[in-house]
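# Topology and contacts: notes
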Amino acid sequence: MTFKGEPVVVQGTAVASPYDHSTPAPSGAATGQAASDPGQHGEKQETRCRDPIFAFLLYGNVAAIVAVAGIYGTAAFNQSLDEATSGSNYIGYIIAAVILGIIALVLAGLTLPILMCMPAALIKVSLVGMIILSGAMVVIAFMNGSIFGGIIGAIFFLVFLCYAKAVWSRIPFAAVNLLTACTAVRKNCGAIVIAYFMTALTFAWAVLWTISLMGVWEEVVTKNCVGTQSECLAQTSSVNYGYLFLLFLSLFFTEQVIQNTTHVIVAGTVGGWWFSNEGGCCSAGVMGSTIRALTTSFGSICFGSLLVAILQALKALANSARNNENQIAICIAECIIGCLESILEYFNKWAFVYVGLYGYSYIEAGKNVIQLFKNRGWEAIIADDLVGNVFFFLSLAVGLLCCAIGAAFNDKTQFFVEYAPAPGNVQATCAGIGFIMGLMLTSILMSTIASAVNTVIVCFAEGPAEFEANHPELSQKMRATWLEFYPSSGV
């Protein structure tokens with residue numbers, strides 16, 4: 001990925017690139033003031049490994065799970081697999097999953113042009129849809145006789161109504177952000193391929209972790225079990241929470257790293273498109289951001305991911321201990337940990353944009369996030385939340401459509417007849433597979449665009465001048481919607 005050091009000329013005014021501030025811009029420029037002051041935004045960092053100790057922690061974690069799976073888990077996994085598949089043939093379901101997966105990929109791909117054609121309409125429909133869903137939950141609660149649940153639901157329904165009224169005028173700005181993000185992703189479609197590859201990697205990791213868990217369970221619980229089957233089950237309730245915490249931490253740590261690596265790659269790719277107009281399936285932006293995310297910035301990704309993974313492991317541990325005494329205290333602890341986890345995940349989402357754009361360490365990226373929200377906090381949150389509703393409904397719609405297609409399969413379908421017997425209700429199972437495939441594959445694409453939207457919000461605060469120079473049509477739309485609310489901002 002190439003970063004330009006020459007000043008960018010916008011409407012006759014020289015503005016320095018945010019990636020190279022060696023050329024100062026004139027003060028008081030009519031446009032792009034945020035991009036012309038080096039003290040107000042990030043700068044491209046020198047090439048060196050950031051937070052490397054956390055990358056080594058991840059390497060150790062993966063190596064440990066591989067070793068445990070190889071030494072203890074393989075035999076236990078094979079035994080369980082033999083027991084599960086005894087007398088059954090699952091090839092028909094595998095073929096159905098492949099067919100439904102291909103259909104889901106096609107439908108997910110069609111959502112991108114739809115998003116680009118009518119972003120504002122989709123945001124409005126999704127916002128109204130959230131209100132309708134919350135209202136429906138209230139009605140269902142009262143119909144089932146849950147007075148307390150209905151009252152709580154009614155409160156949230158009113159909150160949704162007030163929120164919708166407050167942010168309705170912000171929809172045009174969120175729509176332009178969404179359109180810009182979709183354009184950047186479409187111009188650099190290699191980022192989507194990477195996102196799907198990372199998802200496959202996450203699945204492989206989950207399988208490996210499960211094999212390790214089965215091996216640990218076999219060694220720690222099953223082999224040490226003495227007595228009848230009921231007595232053995234009673235002994236398993238006193239599981240070693242130290243082992244359990246380490247296993248949960250291992251699972252969530254690696255999952256978070258994979259997820260955040262994709263986010264950083266997309267951020268770097270969109271940054272290349274924004275500041276240097278890079279594009280193409282395997283563009284310099286895609287390749288360069290991928291290399292940086294997997295090398296110099298990998299330690300920073302692991303740092304932020306580990307913090308969230310610790311909270312997720314503690315939450316999972318609290319959830320597994322619910323059958324013990326002090327359930328009220330455990331429930332309160334789980335709630336507090338869940339709130340902290342959500343806050344940290346939201347913070348990370350923005351911090352990793354700065355990691356992808358400039359190559360900051362995790363701590364330095366966090367400082368830039370704080371500065372961003374000091375300057376444009378509520379606008380960033382609102383735009384992010386509005387497009388998030390769109391992604392949810394599109395993923396749900398594709399999932400339901402694939403569910404309906406899956407329901408067309410039954411035990412009379414050719415490949416089920418050919419590979420019979422197939423266990424269970426074929427039609428219901430295929431419908432479930434279709435829903436999961438549609439929801440999951442569309443969510444992957446939507447998460448890529450969501451990362452791009454976050455990056456666009458940051459880039460507009462950091463470098464509006466470069467946006468004007470490289471993408472004038474989109475820039476004019478975004479500037480116009482922004483100036484509707486902040487006419488004196490000078491952006």
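So, how was this worked out
Residues numbered from 1 in each chain as written. Predicted model: local features only at pLDDT ≥ 70, side-chain atom pairs only at ≥ 80, totals over all residues. Heavy atoms only, no water. Axes fitted to C-alpha atoms, helices over the stretch in contact; angles between N-to-C directions. Helix = DSSP H or I, 4+ residues; strand = E, 2+ residues; numbered from the N terminus. Left-handed = near helix turned anticlockwise from the far one by under 90°. Contact = heavy atoms within 4.5 Å. Nonpolar A, V, L, I, M, F, W, Y, C, P; charged D, E, K, R; others polar. Expected span 1.5 Å × (residues − 1). Phe/Tyr/Trp six-rings, centres within 6.5 Å; stacked < 30°, edge-to-face > 60°. Buried < 20%, exposed > 50% of the residue type's maximum accessible area, 1.4 Å probe, protein only.

## Description of the packing of helix α12 (residues 327-358) against helix α15 (residues 426-462)
Here α12 crosses α15 at 65 degrees, and the two axes come no closer than 10 Å. Of the two possible hands of crossing, α12 and α15 adopt the one that is right-handed. Residues Lys349, Trp350, Val353, Tyr354, Leu357 and Tyr358 of α12 form the contact with α15, whose own contacting residues are Asn454, Thr455, Ile457, Val458, Cys459 and Glu462. Residues that form the contact of α12 with α15 fall into these classes: eight nonpolar, two polar and two charged.

## Examining α12
The terminal C-alpha atoms of α12 lie 46 Å apart, and with 32 residues this matches the ideal 46 Å at 1.5 Å per residue to within 8%. Gly359 occupies a position one or two residues after α12 and carries a positive phi of about 80 degrees.

## Concerning the packing of aromatic side chains
Scanning the model with the defined rule gives 15 aromatic pairs in all. Between Tyr59 and Phe298, the aromatic rings sit 6.0 Å apart at their centres with planes inclined by 15 degrees, giving stacked as the arrangement. In this pair, Tyr59 is assigned in helix α2 (residues 52-85) and Phe298 in helix α11 (residues 298-320), connecting sequence segments 239 residues apart. Judged by its relative accessible area of 9%, Phe298 is buried. Aromatic pair Tyr346 and Trp350: ring centres 6.3 Å apart, planes at 65 degrees, arrangement edge-to-face. Of this pair, Tyr346 and Trp350 both sit in helix α12, four residues apart, roughly one helical turn. Given a relative accessible area of 26%, Tyr346 falls into the partly exposed group.

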